[in-house]
Amino acid sequence: MSRFFVVKTTANQERLVANMMSMVAKKNKANVYSILAPKELKGYVIVEAESTEDLVKSIRGVPHVKGLVRGEVSFNEIEHFLTPRKAAEQIKEGYTVEIISGPFKGELAVVKRVDEARNEITVELIEAVVSIPITVKADHVRVVDKKEEVE
Amino acid sequence: MTEVACKSCKYITSEATVCKICGGRDFTKNWYGYLVIIDPEKSEIAKKLGIRYPGKYALTVS
Ligand SMILES: [Zn+2]
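Residues numbered from 1 in each chain as written. Chains lettered and ligands numbered in written order. Predicted model: local features only at pLDDT ≥ 70, side-chain atom pairs only at ≥ 80, totals over all residues. Heavy atoms only, no water.

Undergrad: Can you walk me through the pattern of salt bridges in this structure?
TA: Where charged atoms from two side chains of opposite charge approach closely, those side chains can pair. Taken as a whole and judged by the stated rule, the model has eight salt bridges over all chains. The residue Lys-48 of chain B makes a salt bridge to Glu-79 of chain A at a minimum N-O spacing of 2.7 Å. Of this pair, Lys-48 of chain B sits in helix 1 (residues 44-49) while Glu-79 of chain A sits in helix 3 (residues 75-82), placing the two residues on different chains. Residue Lys-48 of chain B is classed as partly exposed on the basis of its relative accessible area, which comes to 44%. Overall, Glu-79 of chain A belongs to the partly exposed group, its relative accessible area being 23%. (Salt bridge = Lys/Arg side-chain N within 4 Å of Asp/Glu carboxyl O. Helix = DSSP H or I, 4+ residues; strand = E, 2+ residues; numbered from the N terminus. Buried < 20%, exposed > 50% of the residue type's maximum accessible area, 1.4 Å probe, protein only.)

Listed below in structure tokens is the structure:
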């Protein structure tokens, strides 16, 4: 029967910790079934294991593990990480966004169209002299203002 | 060495040729969330996501 535990890690080392733990778990014959590092959860990984003893065996000597969070979490509490909502579903026309990757990184833009199926949005850069619509992945922007534009 | 994810099964690999899990040929470097499946038979998470083989998987791909 699976139980779920939370391990505290150095920020941005979650994937490395997950990889190392899976190797250490195999080497130490620990009953660890999966390790989850959701992007929403900075500085933590969720470990699915048979028992606390198995968890402890799997972190032995692993760098960037900063400790265990006391207690357990239930499957219900972690389930929402497994089916994350698409970024585009959280963006609406008229929102102001900052582009966080690609050639327009750092630019502010206004959302003109949202394509949920492709998880893309079409935006116009605020600072541009001539506004040319550009299409970017919804994951590549950060919402800065949710006020919808008044025409 | 960039790790990419298979667009159909979300398996993460550094060889973007043919996915060894599902045979898919469409890979993306835009993937988010990280999951290491060690024992798919016993993992509740693997069951929930329909994952049948051990390995590294993304939670979302775009
Ligand atoms: Zn695949």
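Undergrad: What exactly am I supposed to notice about the domain arrangement of chain A here?
TA: Frequently, the measure chosen for interface size is the accessible area removed from exposure when the parts meet. Segmentation of chain A into domains returns domain 1 (3-81) and domain 2 (87-145). In this structure, domain 1 of chain A and domain 2 of chain A have C-alpha centres spaced 35 Å apart. (Domains from an automatic or database assignment.)

Undergrad: What is the right way to look at the interface of chain B and chain A in this model?
TA: Each side of the interface is counted separately: chain B has 20 residues, and chain A has 26 residues. Regarding the contact of chain B and chain A, the summed buried area is about 2,200 Å², with carbon and sulfur atoms giving 65% of it. It is Tyr-34, Ile-38 and Ile-45 of chain B in chain B that bury the most area against chain A; as a group they hold 30% of the surface buried on that side. At the junction of chain B and chain A, the tally comes to ten residue pairs in polar contact (both at pLDDT 80 or more). Contributing elements (two or more residues each) for the side of chain B that touches chain A: strand 4 (31-32), strand 5 (34-37) and helix 1 of chain B. For the side of chain B that touches chain A, the class distribution of residues is ten nonpolar, five polar and five charged. Alignment of strand 2 (residues 32-37) of chain A against strand 5 of chain B, held across four bridges, turns out to be antiparallel. Residue pairing for strand 5 of chain B: Leu-36 of chain A is matched across the bridge by Leu-35 of chain B. (Contact = heavy atoms within 4.5 Å. Buried area = accessible area lost by both parts, 1.4 Å probe. Polar contact = N/O pair within 3.5 Å; in protein donor to acceptor, adjacent residues only side chain to side chain. Nonpolar A, V, L, I, M, F, W, Y, C, P; charged D, E, K, R; others polar. Pairing = 2+ DSSP bridges.)

Undergrad: Help me understand the coordination of the zinc ion, please; the structure alone is not making it clear to me.
TA: Note on metal sites: the ideal angle is 109.5 degrees for four tetrahedral donors, and 90 or 180 degrees for six octahedral donors. Residue and element names in this part refer to chain B. Looking at the zinc ion, one finds its protein donor set to be Cys-6 (SG), Cys-9 (SG), Cys-19 (SG) and Cys-22 (SG), positioned 2.3 Å from the metal centre. Between the four donor atoms coordinating the zinc ion, the angles at the centre fall across 102 to 114°, so the site counts as tetrahedral. Positions of the donor residues of the zinc ion along the chain correspond to the pattern C-x2-C-x9-C-x2-C. For Cys-22, a relative accessible area of 40% puts it in the partly exposed group. (Donors = N, O, S within 2.8 Å, 3.2 Å for Na, K, Ca; no water. Tetrahedral: all angles 85-135°; square planar, octahedral: opposite > 155°, others 65-115°.)

Undergrad: How should the packing of aromatic side chains be read in this particular structure?
TA: Both the distance between ring centres and the angle between the ring planes are used here to describe each pair of aromatic rings. Evaluation of the coordinates by the stated rule reveals three aromatic pairs over all chains. Geometry around Tyr-32 of chain B places Lys-39 of chain A over its ring, the cationic atom sitting 4.8 Å from the centre. (Phe/Tyr/Trp six-rings, centres within 6.5 Å; stacked < 30°, edge-to-face > 60°. Lys NZ or Arg CZ within 6 Å of the ring centre and 35° of its normal.)

Undergrad: Help me out: how do you make sense of the nonpolar core in this one?
TA: Proteins that are soluble and globular tend to have nonpolar side chains buried together. Core analysis: the biggest nonpolar cluster contains 24 residues, and Met-21, Val-32, Ile-35, Val-45 and Val-47 of chain A together with Tyr-34 of chain B have the highest contact counts within it. Listed by contribution, the elements that provide at least two residues to this core are strand 1 (3-9), helix 1 (14-27), strand 2, strand 3 (44-49) and helix 2 (52-59) of chain A together with strand 5 of chain B. The leading source of residues in this core is helix 1 of chain A, at five residues. Core analysis: the second largest hydrophobic core is formed by 18 residues, Leu-36 of chain A together with Tyr-11, Leu-35 and Ala-46 of chain B among them. (Core = buried A, V, L, I, M, F, W, Y, C linked by side-chain atoms within 4.5 Å.)

Undergrad: Is there a simple way to explain the UniProt feature "domain: KOW" (unreviewed entry) in chain A in this structure?
TA: Here the UniProt feature "domain: KOW" (unreviewed entry) sits at residues 90-117 of chain A. This span, residues 90-117 of chain A, is 0% helix and 43% strand, and a straight line between its end C-alpha atoms measures 13 Å. (UniProt positions renumbered as here; feature names shortened; annotations may be inferred.)

Undergrad: Would you take a moment to explain a nonpolar patch on the surface for this structure?
TA: A contiguous nonpolar surface patch, about 220 Å² in accessible area, is contributed by Leu-108, Ile-126 and Val-144 of chain A. Take Ile-126 of chain A: it is sitting in the loop between strand 7 (120-125) and strand 8 (133-137). (Patch = residues over 30% accessible without salt bridge, like charges linked within 9 Å, V, L, I, M, F, W, Y side chains within 5 Å. Areas by Shrake-Rupley, 256 points an atom, 1.4 Å probe, with all protein chains shown as cover.)

Undergrad: Even after reading the chapter, I still don't get the environment of Ile-99 of chain A, so can you show me in this structure?
TA: Residues and elements named next belong to chain A. Mapped onto the secondary structure, Ile-99 falls in strand 5 (residues 96-99). The sequence separation of Ile-99 and Val-141 amounts to 42 residues, and the corresponding C-alpha distance is 4.4 Å. If sequence neighbours within four positions are ignored, Ile-99 has contacts with Phe-104, Lys-105, Gly-106, Glu-107, Ala-109, Val-123, Leu-125, Ile-134, His-140 and Val-141.

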